[in-house]
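# Summary of the model geometry
One-letter residues, chain by chain:
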Amino acid sequence: MTPVVARVSVVLVIALALTGCTATPPEPRPTSTAPVVQLGAPGEEGRTLAPGEQLEVTPEAHTQTDVVFVRDMLHHHAQALEMTGYVEDRTSDRDIRLLAERMRISQEDEMVQLETWLQNRGEPVRDPDAAHDEHTLMPGMLTPEQMEALEAAEGEDFDTLFLQSMIQHHQGALVMIAELFGSADGAEAELAQLANHFDSDQRIEISRMTSMLAERSG
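Below, the discussion takes up helix H5 (residues 94-120). Here H5 spans 39 Å end to end across 27 residues, near enough to the 39 Å set by a 1.5 Å rise per residue. N-capping of H5 is provided by Asp 93, with a side-chain oxygen placed 2.9 Å from the backbone N of Asp 95. Following H5 by one or two positions, Gly 122 has its phi on the positive side, about 70 degrees.

Time to look at the packing of H5 against helix H7 (residues 155-182). Two elements in contact, H5 and H7, have axes whose closest approach is 11 Å; the angle formed by their N-to-C orientations is 30 degrees. Comparing the axis directions of H5 and H7 gives the class roughly parallel. Remark: the crossing between H5 and H7 carries left-handed chirality. Counted together, Ile 96, Leu 99, Ala 100, Met 103 and Gln 107 of H5 and Asp 159, Phe 162, Leu 163, Met 166 and His 170 of H7 form the full contact between these two elements.

A word on the packing of aromatic side chains. A complete count under the given rule lists 1 aromatic pair for this structure. Aromatic pair Phe 158 and Phe 162: ring centres 5.7 Å apart, planes at 25 degrees, arrangement stacked. One end of the pair, Phe 158, and the other, Phe 162, are both in helix H7, 4 residues apart, so they sit about a helical turn from each other.

Moving on, we come to the pattern of salt bridges. Scanning all chains against the criterion turns up 8 salt bridges. Of the charged contacts, one joins Glu 205 and Arg 102 as a salt bridge, the two residues approaching to 2.3 Å between their closest N and O atoms. Here Arg 102 lies in helix H5 and Glu 205 lies in helix H8 (residues 189-217), a separation of 103 residues in the sequence. Between Arg 104 and Glu 108 there is a salt bridge, with its nearest N and O atoms 2.9 Å apart. Here the residue Arg 104 and the residue Glu 108 both occupy positions in helix H5, the gap between them amounting to 4 residues, near one helical turn. Relative accessible area serves as the criterion here: at 36%, Glu 108 is assigned to the partly exposed category. Through salt bridges with shared partners, one network takes in Glu 101, Arg 104 and Glu 108.

Turning to the side chain of Asp 199, a few remarks are in order. Along the polypeptide, Asp 199 turns up in helix H8. The contact partners of Asp 199, leaving out residues within four places of it in the chain, are Leu 174 and Ile 177.

Each value, and the rule that gives it
Residues numbered from 1 in each chain as written. Predicted model: local features only at pLDDT ≥ 70, side-chain atom pairs only at ≥ 80, totals over all residues. Heavy atoms only, no water. Helix = DSSP H or I, 4+ residues; strand = E, 2+ residues; numbered from the N terminus. Expected span 1.5 Å × (residues − 1). Polar contact = N/O pair within 3.5 Å; in protein donor to acceptor, adjacent residues only side chain to side chain. Axes fitted to C-alpha atoms, helices over the stretch in contact; angles between N-to-C directions. Parallel < 35°, antiparallel > 145°, perpendicular 65-115°, else oblique. Left-handed = near helix turned anticlockwise from the far one by under 90°. Contact = heavy atoms within 4.5 Å. Phe/Tyr/Trp six-rings, centres within 6.5 Å; stacked < 30°, edge-to-face > 60°. Salt bridge = Lys/Arg side-chain N within 4 Å of Asp/Glu carboxyl O. Buried < 20%, exposed > 50% of the residue type's maximum accessible area, 1.4 Å probe, protein only.

Any functional reading would require information beyond the geometric quantities listed.
Spelled out as C-alpha cells, the structure:
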C-alpha cells in the first residue's frame, strides 16, 4: 500500500468512527392533538383552529380579576335567564315575548363563551371555595323579594315590571364591565373583546326597553 493510499484510509476510518459516535438528534416533542377553539363574537359560533393556526395563538396572561369577573357575569346572566323564563306564562304581549326570546338566545350564547374562556385557561367554571350566596349583591341583580314580585305579576303589570327589572339588571352588568376595565389589572385581551361586545349589546337593549316602557306609560 502506498503512503498516499494509507493516509486516505486512515482519514476514512477516523471519519466513520466520529460519525458513529455523534449523538442522535432528539426527536421533536409531539404536539398536542387537543382542539383549540377561538371564541367568536356574541351571536357567532366559536371556530376550531387548524394545527398551523394554533401555533400562532399565544394566550395573554389572565389575572384573578378576570376570572372573578367571568364567574360573576355567568351568575348574573343566569338570573337574567330566570327572568326571561317567566315571560311565556305571564304575558301575551308580542313585543315583550320577542324581546325576552332575543335576550334568552344572546345570554345563553354569552354564557357558553364565558365558560369556554375559563376552560381554555384551565380555570374551573365555578369557584369551589365560594359561598352559595356570594353573588347576591352584584350590581343590578334582583333581590329575592323582587324576583318573587316579578314571578307573581301578570299581564300589563308583568310587562311593566319586567322592563323595569331588566333595565336595572342590564345597568348592573354595565357597572361590572366598567369595574373590570377600571381595575388595576385591566382585562386580558380576549376577555376585553367579549366585555366590549356585552357592553354594546346591553346598551342597545336598555335603549329599546326604555322606549317600550315609555310607550306603555304614555
